[in-house]
Amino acid sequence: MSDLLKKQGNTETVLAYLNVLLTECNSIYFHGYQHSVVQDHRFDVYIQFQQYVERELGRVPEITLIAEKLAVSVNSLYQIVKQYAGLSPKQFIINRLMLEARRKLYNGNHSTKSDRL
């Protein structure tokens, strides 16, 4: 973060990273301490969704494929991601892709294509 702050014009990128961090903290604070089995399972699915998105960031898989991989219905995945992130799964992925593209542009990597493509 300090490297980002040193470069001029990185205010939006820093704010985007802070937004992601604060969203995660908010989710953990308000939802992570509930001890019901259903809540724990839903939170686990949300974490698995985030991890899947990170692993497959350049590929942008269909929401139906992600739901299938996580063994939940598309409707359940939508409700879970909406509960913890405040966004639909599709919007979550779009926001993450935009953040990654900004990061690459600000760090001198002017190609927004994924290395895996």
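Residues numbered from 1 in each chain as written. Predicted model: local features only at pLDDT ≥ 70, side-chain atom pairs only at ≥ 80, totals over all residues. Heavy atoms only, no water.

Per an unreviewed UniProt entry, the recorded name for the protein is AraC family transcriptional regulator, and the organism is Mucilaginibacter conchicola.

S.K.: Could you clarify how one ought to interpret the packing of aromatic side chains in this entry?
M.R.: Remark: the centre distance and the inter-plane angle together describe each pair of aromatic rings, the angle taken between the planes. Going through the model one piece at a time under the given rule, you end up with 5 aromatic pairs. Both rings, one in phenylalanine 43 and one in tyrosine 84, keep their centres 5.1 Å apart while their planes meet at 65°; by these two values the pair is edge-to-face. Separated by 41 residues along the polypeptide, phenylalanine 43 in helix H3 (residues 37-55) and tyrosine 84 in helix H5 (residues 74-85) bring together distant segments of the chain. Accessibility assignment for this pair places phenylalanine 43 and tyrosine 84 in one class, buried. Geometrically, the ring pair formed by tyrosine 46 and phenylalanine 92 is edge-to-face, given 6.4 Å between the ring centres and 75° between the ring planes. A residue pair is termed long-range when its members are at least 10 positions apart, and tyrosine 46 in helix H3 and phenylalanine 92 in helix H6 (residues 89-106) qualify at 46 residues. By the burial criterion, tyrosine 46 is buried, and phenylalanine 92 matches it. Following the ring pairs from residue to residue traces out a cluster consisting of Phe43, Tyr46, Phe49, Tyr84 and Phe92. (Phe/Tyr/Trp six-rings, centres within 6.5 Å; stacked < 30°, edge-to-face > 60°. Helix = DSSP H or I, 4+ residues; strand = E, 2+ residues; numbered from the N terminus. Buried < 20%, exposed > 50% of the residue type's maximum accessible area, 1.4 Å probe, protein only.)

S.K.: Is there a simple way to think about the pattern of salt bridges in this case?
M.R.: Pairing between side chains of opposite charge can happen when their charged atoms approach one another. Applying the stated rule across the entire model yields 4 salt bridges. A salt bridge links arginine 59 to glutamate 56; the nearest nitrogen and oxygen atoms lie 3.4 Å apart. Judged by relative accessible area, glutamate 56 falls into the buried class, the value being 18%. Close ionic contact of arginine 96 with glutamate 100 constitutes a salt bridge, the shortest N to O distance being 3.4 Å. Of this pair, arginine 96 and glutamate 100 are both found in helix H6, 4 residues apart, which corresponds to roughly one turn of the helix. Each member of the pair, arginine 96 as well as glutamate 100, carries the same accessibility label: buried. Each of Glu54, Arg96, Glu100 and Arg103 takes part in one network of salt bridges that share partners. (Salt bridge = Lys/Arg side-chain N within 4 Å of Asp/Glu carboxyl O.)

S.K.: Can you walk me through H5 in this structure?
M.R.: It helps to recall that an α-helix has 3.6 residues per turn; residues three or four apart then point in one direction. Here H5 spans 16 Å end to end across 12 residues, near enough to the 16 Å set by a 1.5 Å rise per residue. Every buried residue of H5 is accounted for by Leu77, Ile80, Val81, Tyr84 and Ala85. Angularly, the buried residues of H5 cover 100° about the axis, an arc narrow enough to put them on a single face. Backbone geometry just downstream of H5 places glycine 86 in the positive-phi region, at approximately 75°. (Expected span 1.5 Å × (residues − 1). Arc of directions from axis to C-beta.)

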